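Now for the letters of each chain:
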Amino acid sequence: DPTSEPPGRAGLFRFCIDRGGTFTDVYAEVPVPPGHVVLKLLSEDPGSYADAPTEGIRRVLERVTGVPHPRGQPIDASRIEWIRMGTTVATNALLEREGERVALATTAGFADLLEIGTQARPAIFDLRVSTPSNLYETVIEIDERVRVLRKGEAPASAASTVVVGPTGERVEVRRALDRERVLKQMRAVAAEGYSSLAVILLHATTFPAHEVALEELAREAGFTHVSLSHAVSPFIKAVPRGQTACVDAYLTPVLRRYLDGFAQGFQPGTIDIASGGDGDGAGVRRRAAVVQFMQSDGGLASTSKFLGCRAILSGPAGGVVGYAATTARACGDGPVLGFDMGGTSTDVSRYAGGGRYELVFETLTAGVRVAAAQLDISTVAAGGGSRLFFRDGALIVGPESAKAVPGPVCYRRQGGVLAVTDANVVLGRLLPAHFPSVFGPREDEPLDADAARKAMAVMADRVNTHRTAAAAAGGESESTPLSAEEVAAGFVRVANETMCRPVRELSEARGYELRAHTLACFGGAAPQHACALARALGIRKAFVHRYCGVLSAFGLGLADAIVEQSEPVGGMSLHEAEASLRERHARLEAAARADLEAQVVSASCVRVERYLNLRYAGTDNAIMVLEPANALDGKRKRKREGKEMGTLVSAYEGALREAFSREFGFDMSADADAPGGASRPVLVDNVRVRAVGSSSALEGVTVGKASAAE
């Protein structure tokens, strides 16, 4: 509504920027009517600008204020309240193997640990197994060794030192660090041009002292970035912990260089790239725009906390936050399935409601295991640019993409190929009159619907020819020929079914009823398939937001600052750990709150979620369990094996039983080998705290009701 007043923030701008691989989306709240600006520009255009987010900010400021902001000159950001960004810089660097040169420091004798990996084979019968290249280029073998002692076990040597680690376990230090020797090794590697180091020592989560000492020595030797495995991923299992440290060492320097370059696009003192403050270094008091980045877990972080291992899903995470918040406002705070369909691929995710996102804590990305909290997002190679084929009597969609060049047939480019976009044009789901006229030699023509129909007619002829030949070979009567529209509809149905599979995997395969969800559709192509997908999945409600085309950017303005703290417990039984769990949670909560306060988040705006990483004795896979509400109910107690147990233990046991049954389809709580049908012991691997700090969100602008003529 052009007559409505814009959000009142004393004339300040707010920028939400999603820097994707192809396009950069900008959503800005501005202090003049109509209160917002939406902008799209190419992420890479070296001939016009050096950095797309900076260029987007420059264009918005120039358009709204009317004051010229010459391209290439530092921007005065004193009128900007904050800038929030999601970026694929880390993702692209990992996929294309364009990160920092990394050296790996590990326990002597385990130089090949990460290369051997888990020996998991995605295609178990494939005789040609290709493994991705390692992120590290050289290995420093550290002559040290520690050993975790069992209960009551004596050290192997009287000369060994025995210490108690943070998990409460006793650790025998069999070989201590030789600092002079290690320093000499590191200086030799640093002299070869390495500046980033990943450190993975055995049992570092239980005994981190040696890794901490190595960081000190590495910086003395000249390394500028050091990633310690116990710090970036405080979980047991050396392989995923070590690979996570390598990812962090590989990507974080790349992010730091990008942030430094981004900061250089602004006048000194007008942008806060670190923690939130003001002043220009010359005694002049000026307001500084606060910069935050989206992490893979759906939370905002200051630039100093933005690490490579937590940035891989920075781009799509904004879309998850966006659909969760906007769907809750419009349809109620219930479970939602997110459907983000772009040109090349489709991302599918699930939001449980109540402000809690579906997270995973170990993922395989670009051939590397990352043990860090990430939103559970599944990607399938089906999008608006997915190519259409007819092979062996079947309609095939993708996984090849038409990409931007040559693009679908309707894009008016030479060499265009049939794609899902063409099928939607033929079916009338994409109307050229309502699509940007950016095609043709002068980039001012609409979509070419006639070319799409002709190409689809050629495809229909191929299909009909095959059907006629198949009917003759089988002695059947000739079938009625299919029209171009019927063939196009068939391709769309195939594409829809391809995209339905990951939706079912995130819902029905995990014990959630599809009909209880709302289908939130966003991305450039999703609304064209929204109703068909909802019908195929049995979902009764599909939601398309006004800003569905830039929802990943819009969602950044609705996100909260999030800090996670965790520490290992070492597989202690839940019963034994009960006495220390509340103290551990309280300590981690205090640290998380302090971190948020350092990011200028008020203590009254912070809520804390407590988790335990639990597994049954005799199993290898743990489940992260949120503290149940009845864990604080002092009246609920029960007996277990003749002992009175507190509500904390019983509540967590019940929550684990429910989560395990939903995930795997059976109950494993009973121990068949124990007398009297006793319960199977529950073990605690990690204690975790997630602190969520509500920050200043987008205020939004009221949109007036359209007239009948519109």
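The structure displayed is predicted, hence computed values, not measured ones.

What follows covers the overall build of the protein chain. A count of helical and extended segments in the protein chain gives 15 helices and 32 strands. The C-alpha radius of gyration computed for the protein chain amounts to 28 Å, which stays within 12% of the reference 27 Å derived for 710 residues, consistent with globular compactness. Its C-alpha atoms give the protein chain principal-axis dimensions of roughly 85 × 80 × 60 Å. When the 710 residues of the protein chain are sorted by exposure, 51% land in the buried category.

All right, on to the pattern of salt bridges then. This model, assessed by the stated rule, comprises 38 salt bridges. A salt bridge links Asp25 to Lys40, with the nearest nitrogen and oxygen atoms 2.7 Å apart. Highlighted residues: Asp25 in strand β2 (residues 23–29) and Lys40 in strand β3 (residues 36–42), separated in sequence by 15 residues. On the accessibility criterion, Lys40 (47% relative accessible area) is partly exposed. Ionic contacts of the salt-bridge type, sharing partners, join the residues Glu55, Arg58, Arg59, Glu62 and Arg71 into one network.

To continue, consider the sheet that holds strand β5 (residues 102–107). On the basis of which strands lie adjacent, the open sheet formed by 4 strands has the order β6-β5-β10-β11 and parallel pairing. In this open sheet, the two edge strands, each paired with only one partner strand, are β6 (136–142) and β11 (225–228). With direction set aside, neighbouring strand axes in the sheet form an average angle of 20 degrees. The pairing of β5 with strand β10 (residues 196–200) spans 5 bridges and is classified as parallel. For Thr106, the partnering residue across the bridge sits in β10 and is Ile200. Contacting β5, β6 and β10, helix α4 (residues 179–190) crosses the sheet at an angle of about 165 degrees to β6. Strands β5, β6, β10 and β11 of the sheet are contacted by helix α7 (residues 238–263), whose axis makes an angle of about 170 degrees with β10.

In this section: the pairing of strand β4 (residues 80–87). Counted residue by residue, β4 has 8 buried out of 8 residues, so it is predominantly covered. Bridge count between strand β1 (residues 13–19) and β4: 7 bridges; the pairing is parallel. By the bridge assignment for β4, Phe13 is matched with Ile80. Here β4 runs beside strand β13 (residues 289–294); their pairing, made up of 4 bridges, is parallel. The residue of β13 that forms the bridge with Met85 is Phe293.

Moving on to the packing of aromatic side chains. Two aromatic rings, taken as a pair, are described by how far apart their centres are and by the angle between their planes. Per the counting criterion, the structure on display carries 13 aromatic pairs. Plain terms: the ring middles of Phe660 and Phe664 are 4.7 Å apart, the flat faces sit at 45 degrees to each other, and that makes the pair tilted. In this pair, Phe660 and Phe664 are both assigned in helix α15 (residues 647–664), 4 residues apart and thus about one turn of the helix distant. Clustering of aromatic rings is evident, with ring pairs tying together Tyr616, Phe660, Phe664 and Phe666.

Of all the positions in helix α12 (residues 526–537), only Ala526, Gln528, His529, Ala530, Ala532, Leu533, Ala534 and Leu537 are classed as buried. Those residues of α12 that are buried lie in contact with β15 (336–341), α9 (420–426), α11 (484–506), β25 (518–522) and β26 (541–544). Trailing α12 by a residue or two, Gly538 shows a phi angle of about 80 degrees, which is positive.

This next bit is on the sheet that holds strand β7 (residues 145–148). The strand order across the open sheet built from 3 strands is β7-β9-β8, with neighbouring strands paired in antiparallel fashion. The outermost strands of the open sheet, each flanked by one partner alone, are β7 and β8 (161–164). The sheet shows a mean angle of 30 degrees between the axes of neighbouring strands, direction not considered. Pairing of β7 with strand β9 (residues 170–175) involves 4 bridges; the strand directions are antiparallel. Bridge pairing in β9 links Val148 to Val171.

Let us look at the side chain of Arg690. You can see Arg690 is positioned in strand β32 (residues 682–693). Residues contacting Arg690, with those up to four places away along its chain left out, are Asp297, Tyr357, Leu359, Ile562, Val563, Glu564, Arg607, Val608, Glu609 and Tyr611.

Checked against the element boundaries, Pro408 lands in the loop between β24 (394–401) and α9. Distance from Pro408 to Ala419, taken between C-alpha atoms, is 5.4 Å for residues 11 residues apart in sequence. With residues up to four places along the chain from it excluded, the contact list for Pro408 reads Ala402, Lys403, Gly416, Val417, Ala419, Thr421 and Asp422.

What follows covers helix α8 (residues 314–331). If you check α8, its first and last C-alpha atoms are 26 Å apart, about what 18 residues at 1.5 Å a residue would give, namely 26 Å. When we look at burial in α8, the residues that qualify are Ser314, Gly315, Ala317, Gly318, Gly319, Val320, Val321, Gly322, Tyr323, Ala324, Thr326 and Thr327. The first or second residue beyond α8 is Gly332, which carries a positive phi of 95 degrees.

Parameters at a glance
Residues numbered from 1 in each chain as written. Predicted model: local features only at pLDDT ≥ 70, side-chain atom pairs only at ≥ 80, totals over all residues. Heavy atoms only, no water. Helix = DSSP H or I, 4+ residues; strand = E, 2+ residues; numbered from the N terminus. Rg over C-alpha atoms; globule rule 2.2 N^0.38 Å. Buried < 20%, exposed > 50% of the residue type's maximum accessible area, 1.4 Å probe, protein only. Salt bridge = Lys/Arg side-chain N within 4 Å of Asp/Glu carboxyl O. Pairing = 2+ DSSP bridges. Axes fitted to C-alpha atoms, helices over the stretch in contact; angles between N-to-C directions. Contact = heavy atoms within 4.5 Å. Phe/Tyr/Trp six-rings, centres within 6.5 Å; stacked < 30°, edge-to-face > 60°. Expected span 1.5 Å × (residues − 1).

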